[in-house]
Structures are given as C-alpha cells and as structure tokens.
Amino acid sequence: MEIRHLRLVRTLAAEGTLTAAGKRLYLSQSALSHQLREIEDEFGIRLFDRCNRRMVLTPAGERVLGAADIVLGEIDDVRDEITRMVSGESGILRVTACRYTGFHWLPTVLTHFKKRFPRVEVRIDHPDAQDPAEQLRSGAVDLAIVNAKNNGHGVAYLKLFDDEMVAIVREDHQWTTRSFVSAKHFSDEHLIGYDIPFDEVIFNQQMLRPAGVKPKSLLKLPTTDAIIEMVKAGMGVAAMNLWSVRPYLESSDLRAIRLTKNGYRRSWYAAVPAGSKQPPFISHFIGFLALSQN
C-alpha cells in the first residue's frame with residue numbers, strides 16, 4: 001500500500017464516484033480503477049461497494065480510510081512545517097553564552113521574540129567550556145553570546161553593545177568610599193572569579209598583568225550566583241561585567257565600583273557560524289538581544 005492508494009481511498013470516499021475523484025486527483029477513471037484494484041488485490045478484500053451509482057466504503061474500506069486520515073494528515077503537517085522552516089517562520093534556535101553572563105535577559109528577549117516567531121522553539125544551553133564558539137563550529141548551537149572574539153575560523157561576530165566591567169564589593173567594603181579603583185588596589189584583596197585558568201581571564205590579561213599586580217589570593221567558582229554570594233559573605237571582591245550582574249546590584253548588600261578613572265569598557269557579541277545562510281529568526285533574536293542591556 002502506497003501513499004497514492006491512501007489518497008485514492010480518502011478522495012473516493014469523499015466524492016463517491018471515480019469520475020469525481022479523478023477530477024480532484026487529476027487522473028483518468030481507468031487509472032483510478034487500476035489503483036483501486038491494486039490495493040484490493042493486495043488485501044484480498046473489497047474496499048468499496050457500488051450502491052446507486054456511488055462508491056460506498058465497506059468495513060475494510062473504513063479501516064483503510066482511518067489510516068489514510070492519520071498518515072496523510074501527518075504528511076500535510078510535515079509539509080506545512082517544512083514550508084515554515086524554509087520561510088524562517090518555524091524551527092529551533094539553540095543558544096548558548098559564555099559563563100560570564102547569567103540569563104536575566106532571557107524573559108524579556110523571549111517575550112518579544114515569541115510574539116514575532118511563535119513557532120520557533122528556543123533552547124538554552126549553558127556551556128561547560130569557556131569558549132562557546134567551539135560549540136558553533138561543531139554545530140551544537142546556532143548562536144553564542146560572548147564578550148571576546150576568538151581568532152579561530154568558522155565564526156562570525158556581530159557586535160551587540162558595549163558594557164562596563166566593574167568591581168563588585170560588599171556594601172561595607174573600604175572601596176565604597178572611592179569613585180574608582182585601579183589595578184594596584186587588587187594586590188591586597190582576595191579575588192573571586194570563575195573557575196578557569198587565571199592566565200586566560202581577560203581582566204587579568206588586560207588590567208592586572210600589565211600593572212604587575214597579583215591578588216592576595218584567588219577563589220574560583222563555577223557560577224555567577226556563587227561568586228555573588230561569596231562577595232556578600234565578605235570573602236573577597238570580584239571584577240564582573242555590569243550587564244551580567246545588574247540584577248544582583250538591586251540588593252543593598254552590594255556595590256559596584258568603577259575600574260580605572262575612565263572606566264573599563266568591553267563589548268558583547270553575537271557569534272554565529274560563518275558562511276552559512278541563517279534563518280531570519282536568528283537575526284531578529286540578535287536584534288532583541290542588542291536591546292536587552294537598556
């Protein structure tokens with residue numbers, strides 16, 4: 001039994017005659033008779049009886065019609081879904097971010113995105129690796145949110161916005177009386193950061209190391225939440241992106257102190273696979289993301 005046989009049974013049941021069914025299927029009456037004979041011979045039973053010049057389903061025909069409705073309905077759904085995917089109105093968007101960001105921005109971005117693309121499923125994956133661009137190259141994700149460009153090939157970077165890195169301290173820390181701190185101030189502090197090699201930390205590469213400064217000690221933790229809780233407990237200070245920690249600063253327990261007199265600015269990027277055509281919903285998601293820092 002083939003798809004064409006199922007279409008024949010469904011159409012013939014609806015139209016009642018081979019002539020009318022042939023017009024709907026753009027086939028001759030003899031061609032339809034041949035197809036009907038094929039399926040009836042396969043089952044060894046009649047699917048239609050003639051009654052007053054109309055074709056009426058037998059019990060076996062009713063069973064085949066039920067299967068036809070299910071199978072052909074599923075095929076129609078798949079065709080519609082693929083059409084929407086081609087047009088960019090449907091699909092799956094897999095998003096990841098470097099560990100320097102939380103996902104406080106997600107509800108607002110998803111609210112706007114889902115109004116525009118209700119049929120696109122967004123999947124969020126928090127990476128274990130420091131560089132989520134590797135997930136892009138492997139095809140594991142479609143979009144990565146990062147605050148540094150990787151020099152490797154295969155990834156294109158689209159700037160989202162500029163952000164400021166700040167020192168995060170407890171509200172009773174001595175730095176709260178200062179308008180800013182510089183690299184030298186960290187030499188007497190216990191620095192709390194993410195669980196990655198300190199040589200790979202951009203804050204160390206660009207600010208501490210050039211000044212010849214090493215913190216009194218390092219405490220490495222896996223998540224932003226953990227770092228913030230340790231700062232609140234008075235266990236040390238942290239240097240973090242303002243966009244990532246803004247929700248935590250609503251707490252009266254924390255303060256953000258500017259790094260250097262002029263501030264320490266960094267950029268955030270949306271990273272996507274280079275050289276491949278992206279569905280329209282990815283560019284829209286990036287657009288909503290670019291507005292999320294406001």
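Along each chain, numbering runs from 1 in the same order as the chain's sequence is written. The predicted origin of the model limits local features to residues at a pLDDT of at least 70 and limits the giving and counting of side-chain atom pairs to 80 or more, whereas totals for whole chains, interfaces and linings rest on all residues. Computation of side-chain values: all heavy atoms of the structure, hydrogens and water removed.

Chemist: Just give me the short version of the packing of helix α2 (residues 18–25) against helix α3 (residues 29–43), but keep the residues and values in it.
Modeler: Their axes nearest at 9 Å, the elements α2 and α3 cross at an angle of 100 degrees. The angle between α2 and α3 falls in the class roughly perpendicular. Every residue of α3 that contacts α2 at Leu18, Thr19, Ala21, Gly22 and Leu25 is listed here: Gln29, Leu32 and Ser33. Under the scheme applied here, ten amino acids are nonpolar (Ala, Val, Leu, Ile, Met, Phe, Trp, Tyr, Cys and Pro), four are charged (Asp, Glu, Lys and Arg), and all others, including Gly, are polar. The residue makeup of the contact of α2 with α3, split by class, is 4 nonpolar, 4 polar and no charged. For helices, the fitted line uses only the C-alpha atoms of the stretch in contact; every axis is such a line through C-alpha atoms, and the angle between N-to-C directions lies from 0 to 180 degrees. Each helix corresponds to a stretch of at least 4 residues labelled H or I by DSSP, and each strand to a stretch of at least 2 residues labelled E; elements are numbered beginning at the N terminus. Each angle gets one of four labels, with under 35 degrees taken as roughly parallel, over 145 as roughly antiparallel, 65 to 115 as roughly perpendicular, and the rest as oblique. Any pair of residues with heavy atoms lying within 4.5 Å of one another is described as a contacting pair.

Chemist: Hey, could you go over the packing of aromatic side chains for me, with residue numbers and the actual values?
Modeler: Two aromatic rings, drawn from Phe, Tyr or Trp (for Trp, its six-membered ring), form a pair once their centres lie within 6.5 Å of each other, and the interplanar angle then sorts them: stacked below 30 degrees, edge-to-face above 60, tilted otherwise. A full pass over the atoms with the stated rule returns 9 aromatic pairs. Each ring, one from Phe186 and one from Phe203, has its centre 5.2 Å from the other, and the planes form 65 degrees; the classification is edge-to-face. Placement of Phe186 in the loop between β7 (180–181) and β8 (190–194) and of Phe203 in helix α7 (residues 202–208) is noted, with a sequence separation of 17 residues between them. Think of it in three bands: residues with accessible area under 20% of the maximum for their type are buried, residues over 50% are exposed, and the middle band is partly exposed, with areas taken using a 1.4 Å probe on protein chains only. Look at Phe203 and you get buried, because its relative accessible area is 3%. Geometrically, the ring pair formed by Phe203 and Tyr264 is tilted, given 6.5 Å between the ring centres and 40 degrees between the ring planes. Separated by 61 residues along the polypeptide, Phe203 in helix α7 and Tyr264 in strand β12 (residues 264–273) bring together distant segments of the chain. According to the relative accessible area criterion, Tyr264 is buried, its value standing at 10%.

Chemist: Could you give an account of α2, with specific residues and numbers?
Modeler: Within α2, the full set of buried residues consists of Leu18, Ala21 and Gly22. In an axial view of α2, the angular spread of the buried residues amounts to 105 degrees, which keeps them on one side of the axis. In the core, the buried residues of α2 are packed alongside α1 (3–15), α3 and β1 (48–51). Two residues or fewer past α2, Tyr26 is found with a positive phi of approximately 60 degrees. Here, the arc refers to the directions that run from the helix axis to the C-beta atoms.

Chemist: Help me get a handle on the side chain of Gln35, residues and values and all.
Modeler: With respect to the helices, strands and loops of the structure, Gln35 is situated in helix α3. Exposure remark for Gln35: the relative accessible area of 10% places this residue in the buried category. Contacts of Gln35, omitting those with residues within four sequence positions, involve Arg4, His5, Leu8 and Leu27.

Chemist: How would you explain the pattern of salt bridges if you had to name every residue and give the values?
Modeler: Here, a salt bridge means any Lys or Arg side-chain nitrogen found within 4 Å of an Asp or Glu carboxyl oxygen. One pass over the structure, following the stated rule, counts 12 salt bridges. Residues Lys159 and Asp162 are paired through a salt bridge, measuring 3.0 Å at the closest nitrogen-oxygen approach. The partly exposed category is assigned to Asp162, whose relative accessible area is 38%. Note that Arg265 is salt-bridged to Glu164, the shortest N-O span being 3.9 Å. Taken together, the residues span a long stretch of sequence, with Arg265 in strand β12 and Glu164 in strand β6 (residues 155–170) at a distance of 101 residues. Among the residues examined, Glu164 registers a relative accessible area of 9% and is labelled buried.

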